[in-house]
Amino acid sequence: MTSRWATAASLQPEAEPEAVLLNFAGQSFEALPSGALYWAAEQALLVADLHLEKLSSFARRGSLLPPYDTAMTLKRLEADLVATGAAEVIALGDSFHRDVGATTLLDADRLRLDMLMGWARWTWISGNHDRAPHALGSTGITVLERSGLTLTHEPRRGTRGLVGGHLHPAAQVSINGRSVRRPCFVHDNQTLVLPAYGASTGSLNILSPAFLDLFDWSALEVAMIGRGKVYPVSPRRLVAGYDGY
């Protein structure tokens with residue numbers, strides 16, 4: 001991982017953000033402020049937990065939340081594809097909030113997703129929210145092996161080079177008396193967990209019990225998403241805090 005540690009002032013946007021590289025299990029990834037990873041060696045964009053159609057599923061149960069999260073997530077994904085020129089998108093599970101999510105897309109969202117799928121090759125990995133194959137090309141695979149890495153949805157300890165999502169990691173840090181919480185990338189060179197990419201997703205503090213047995217904490221590296229930039233954060237600055245989805 002390159003760049004300096006985060007400070008209170010540095011969690012603000014800069015005119016030309018420097019790339020933050022995660023060196024993981026012999027591979028190099030660029031951590032993007034959107035929550036995606038760009039894998040230049042494979043020309044692949046990795047995203048986890050899009051949770052498309054999450055708010056539309058709530059609306060069907062009587063929620064008054066406007067179901068615009070899918071459009072916001074796809075707009076973010078379009079920007080990342082344009083910026084990186086990725087030839088492949090690897091979606092690490094929970095791409096849809098429900099198995100039937102692919103059938104409830106608004107016409108405009110389906111057209112945009114079709115366009116994005118025409119720009120790049122897509123690999124859909126199943127998650128706990130979308131286990132079944134769907135009409136957009138999912139085959140229900142749960143694991144993808146690529147260049148010595150294991151790409152899957154739910155992370156687990158004991159598999160070297162495992163890249164996953166599922167846990168929606170966030171870092172909370174104390175800097176100069178201020179507490180700041182942001183989604184983050186986290187790894188120990190054995191297991192790497194991406195933040196949730198979807199616009200309507202929550203997050204879980206990486207000091208929560210779900211993470212405690214997952215990593216070698218002596219080797220932990222954390223990259224926190226700021227405003228328009230990603231910042232490496234010293235694990236010594238991490239503090240516990242509220243978790244919410």
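Everything in this summary refers to the structure shown in the same document. (Residues numbered from 1 in each chain as written. Predicted model: local features only at pLDDT ≥ 70, side-chain atom pairs only at ≥ 80, totals over all residues. Heavy atoms only, no water.)

Focus: the overall build of the protein
When helices and strands are tallied, the protein shows 4 helices and 15 strands. Looking at the protein as a whole, 53% of its 245 residues are labelled buried. Contacts in the protein between residues far apart in sequence, at least 24 positions, make up 69% of those at least 6 positions apart. Carbon together with sulfur atoms contributes 53% to the accessible area of the protein, which is approximately 10,600 Å² in total. (Helix = DSSP H or I, 4+ residues; strand = E, 2+ residues; numbered from the N terminus. Buried < 20%, exposed > 50% of the residue type's maximum accessible area, 1.4 Å probe, protein only. Contact = heavy atoms within 4.5 Å. Areas by Shrake-Rupley, 256 points an atom, 1.4 Å probe, with all protein chains shown as cover.)

Comments concerning unusual backbone geometry
With phi around 50°, His51 is a residue other than glycine that occupies positive phi space. By the element assignment, His51 lies in the loop between strand E4 (44-47) and helix H1 (54-59). The backbone of Asn189 shows a phi angle near 75°, a positive value even though the residue is not glycine. Looking at the secondary structure, you find Asn189 in the loop between strand E11 (178-187) and strand E12 (191-193). On the basis of relative accessibility, which here comes to 29%, the residue Asn189 falls in the partly exposed class.

Topic: the side chain of His153
Mapped onto the elements, His153 comes out in the loop between strand E8 (149-152) and strand E9 (162-164). Among the polar contacts made by the side chain of His153, one reaches the side chain of Asp94 at a distance of 3.3 Å. If near-sequence neighbours (up to four positions away) are discounted, His153 is found in contact with Asp49, Leu92, Gly93, Asp94, Ile125, Ser126, Gly127, Asn128, Thr142, Gly164, Gly165 and His166. (Polar contact = N/O pair within 3.5 Å; in protein donor to acceptor, adjacent residues only side chain to side chain.)

A word on the environment of Pro195
Tracing the backbone shows Pro195 in the loop between E12 and strand E13 (204-205). Its relative accessible area of 1% is what places Pro195 among the buried residues. Not counting chain neighbours up to four residues away, the residues in contact with Pro195 comprise Gly35, Ala48, Pro169, Pro183, Cys184, Phe185 and Ile225.

Things to note about the packing of helix H2 (residues 69-84) against helix H3 (residues 107-119)
For the pair H2 and H3, interaxial distance at closest approach is 10 Å and the crossing angle is 20°. Taken as axis vectors, H2 and H3 run roughly parallel relative to one another. Here the hand of the crossing between H2 and H3 comes out left-handed. In this structure, H2 uses Thr70, Ala71, Leu74, Lys75, Leu77, Glu78, Leu81 and Val82 to contact H3, whose residues at the interface are Asp109, Arg112, Leu113, Met115, Leu116 and Trp119. (Axes fitted to C-alpha atoms, helices over the stretch in contact; angles between N-to-C directions. Parallel < 35°, antiparallel > 145°, perpendicular 65-115°, else oblique. Left-handed = near helix turned anticlockwise from the far one by under 90°.)

Focus on the pairing of strand E10 (residues 169-175)
The element E10 is extensively covered by neighbouring structure, given that 6 of its 7 residues are classed as buried. Looking at chain direction, E10 and E13 are connected through 2 bridges and run parallel. Bridged to Pro169 within E13 is Leu204. By the bridge criterion, 6 bridges tie E10 to E11 in an arrangement that is antiparallel. (Pairing = 2+ DSSP bridges.)

With respect to the pattern of salt bridges
Should the charged atoms of two oppositely charged side chains come close, the side chains can pair. What the rule picks out here adds up to 5 salt bridges. Here Glu78 and Arg112 are joined by a salt bridge, their closest N and O atoms 2.9 Å apart. Taken together, the residues span a long stretch of sequence, with Glu78 in helix H2 and Arg112 in helix H3 at a distance of 34 residues. For Arg112, a relative accessible area of 27% puts it in the partly exposed group. Glu88 is the partner of Arg146 in a salt bridge, and the nearest nitrogen-oxygen pair spans 3.1 Å. Taken together, the positions of Arg146 in strand E7 (residues 143-146) and Glu88 in strand E5 (residues 88-91) put the pair 58 residues apart, joining distant regions of the chain. (Salt bridge = Lys/Arg side-chain N within 4 Å of Asp/Glu carboxyl O.)

Thoughts on the packing of aromatic side chains
Here a ring pair, both rings aromatic, is described through the centre-centre distance and the interplanar angle of the planes. As enumerated under the stated definition, the model contains 5 aromatic pairs in all. Judged by centre distance (5.2 Å) and plane angle (45°), the ring pair of Phe29 and Trp39 falls under tilted. Here Phe29, found in strand E2 (residues 27-31), pairs with Trp39, found in strand E3 (residues 37-39); they are 10 residues apart in sequence, far enough to count as distant. Following the ring pairs from residue to residue traces out a cluster consisting of Phe96, Trp122 and Trp124. A cation over a ring is seen here: Arg76 above Tyr197, with NZ or CZ 5.6 Å from the ring centre. (Phe/Tyr/Trp six-rings, centres within 6.5 Å; stacked < 30°, edge-to-face > 60°. Lys NZ or Arg CZ within 6 Å of the ring centre and 35° of its normal.)

Shape descriptors only; they carry no functional weight alone.
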